[in-house]
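Commentary on secondary and tertiary structure
Listed here are the chains, written in short residue letters.
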Amino acid sequence: MAASARRGPYFCGIDAAMDVVSGKWKPLILWELHDHGIRRFAELRRGLPGVSEKMLVQHLREMEEDGLVRREVYPEVPPKVEYSLTEHGVSLNAALTSLGEWGTERMRRIGAEKVSVG
């Protein structure tokens with residue numbers, strides 16, 4: 001694992017956890033990789049409507065540095081790169097399950113629509 005710039009100090013465990021999951025797309029990347037397993041870049045981008053290529057690349061790099069995502073590069077032409085969750089990423093995703101359940105209940109309560117991924 002590469003050295004990450006995000007090493008504290010932190011006020012509490014929530015602060016440390018939010019440091020690696022901050023931003024709109026990181027929790028959604030975790031969910032996408034958990035739900036589908038190994039994904040290529042284009043598959044991730046299709047599964048996350050609205051994410052820019054630049055933002056997806058940036059978040060994947062940060063998540064790799066934080067030990068959440070594994071990036072596997074295959075020596076092929078054209079290059080083949082696959083992303084998957086590490087054990088650390090799986091454990092973070094499990095910790096976010098309750099938050100996701102809370103959000104689903106909130107959507108139901110306020111009558112919010114769920115985005116459909118085509």
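Preceding this paragraph is the structure being described.
Summarised in this report is the structure supplied together with it.

The rules behind each value
- Residues numbered from 1 in each chain as written.
- Predicted model: local features only at pLDDT ≥ 70, side-chain atom pairs only at ≥ 80, totals over all residues.
- Heavy atoms only, no water.
- Pairing = 2+ DSSP bridges.
- Helix = DSSP H or I, 4+ residues; strand = E, 2+ residues; numbered from the N terminus.
- Buried < 20%, exposed > 50% of the residue type's maximum accessible area, 1.4 Å probe, protein only.
- Contact = heavy atoms within 4.5 Å.
- 1 Å grid on protein atoms, 1.4 Å probe; cavity = no way out; pocket = protein on both sides within 12 Å on 5 of 7 lines; lining within 4 Å.
- Points joined across faces, edges and corners; volume = space filled by probe spheres on them.
- Nonpolar A, V, L, I, M, F, W, Y, C, P; charged D, E, K, R; others polar.
- Phe/Tyr/Trp six-rings, centres within 6.5 Å; stacked < 30°, edge-to-face > 60°.
- Lys NZ or Arg CZ within 6 Å of the ring centre and 35° of its normal.
- Axes fitted to C-alpha atoms, helices over the stretch in contact; angles between N-to-C directions.
- Parallel < 35°, antiparallel > 145°, perpendicular 65-115°, else oblique.

Details of the pairing of strand E2 (residues 69–74)
Note: E2 against strand E3 (residues 80–85), 6 bridges, orientation antiparallel. Residue pairing across strands places Val-73 opposite Val-81, the latter belonging to E3.

So, unusual backbone geometry
Cis geometry is adopted by the peptide bond preceding Pro-78, which originates at Val-77 and carries an omega value of -5°. Looking at the secondary structure, you find Pro-78 in the loop between E2 and E3.

Section: the environment of Leu-44
As for its placement among the helices and strands, Leu-44 is situated in helix H3 (residues 41–47). Residue classification places Leu-44 among the buried positions, given a relative accessible area of 0%. Along the chain, Leu-44 and Glu-65 lie 21 residues apart, while their C-alpha atoms are 18 Å from each other. Once residues lying within four places of it in the same chain are set aside, the contact partners of Leu-44 are Glu-32, Leu-33, Arg-39, Leu-56, Leu-60 and Tyr-83.

Details of the layout of surface pockets
Over the atoms rolls a probe the size of a water molecule, and in doing so it shows where empty space is left. Quantified by volume, the largest pocket comes out at close to 1,100 Å³. Considering the residues around the largest pocket, the lining is formed by 27 residues, among which Leu-28, Trp-31, Gly-100, Met-107 and Lys-114 are closest to the centre. Put simply, the parts of the chain that give the lining of the largest pocket at least two residues each are helix H2 (26–36) and helix H5 (87–110). In terms of residues, the lining of the largest pocket owes the most to one element, H5, which gives 13 residues. Quantified by volume, the second largest pocket comes out at close to 190 Å³. Only H3, helix H4 (53–65) and E3 provide two or more residues apiece to the lining of the second largest pocket. Among the elements that take part in the lining of the second largest pocket, H4 stands out by supplying 4 residues, more than any other. When grouped by side-chain class, the residues that make up the lining of the second largest pocket number 7 nonpolar, no polar and 5 charged.

Concerning the packing of aromatic side chains
Counted by the stated rule, this structure contains 0 aromatic pairs. Directly above the aromatic system of Tyr-74 lies the positively charged group of Lys-80, at a separation of 4.9 Å from the ring centroid.

Some thoughts on the sheet that holds E2
With antiparallel pairing, the 3 strands of this open sheet are ordered in space as E1-E3-E2. The open sheet is flanked by strand E1 (39–40) and E2, the only strands paired with a single partner. Of the strands in this sheet, E1, E2 and E3 touch H2, which is tilted by about 95° from E3.

Quick word on the packing of H2 against H4
Axis separation between H2 and H4 bottoms out at 10 Å; the angle between their running directions is 75°. The orientation of H2 relative to H4 falls into the category roughly perpendicular. Along the contact surface, H2 presents Lys-26, Ile-29 and Leu-30, while H4 presents Leu-56, His-59, Leu-60, Glu-62 and Met-63. Classifying every residue of the contact of H2 with H4 by side-chain character gives 5 nonpolar, 1 polar and 2 charged.

Honestly, it's all geometry; don't read function into it.
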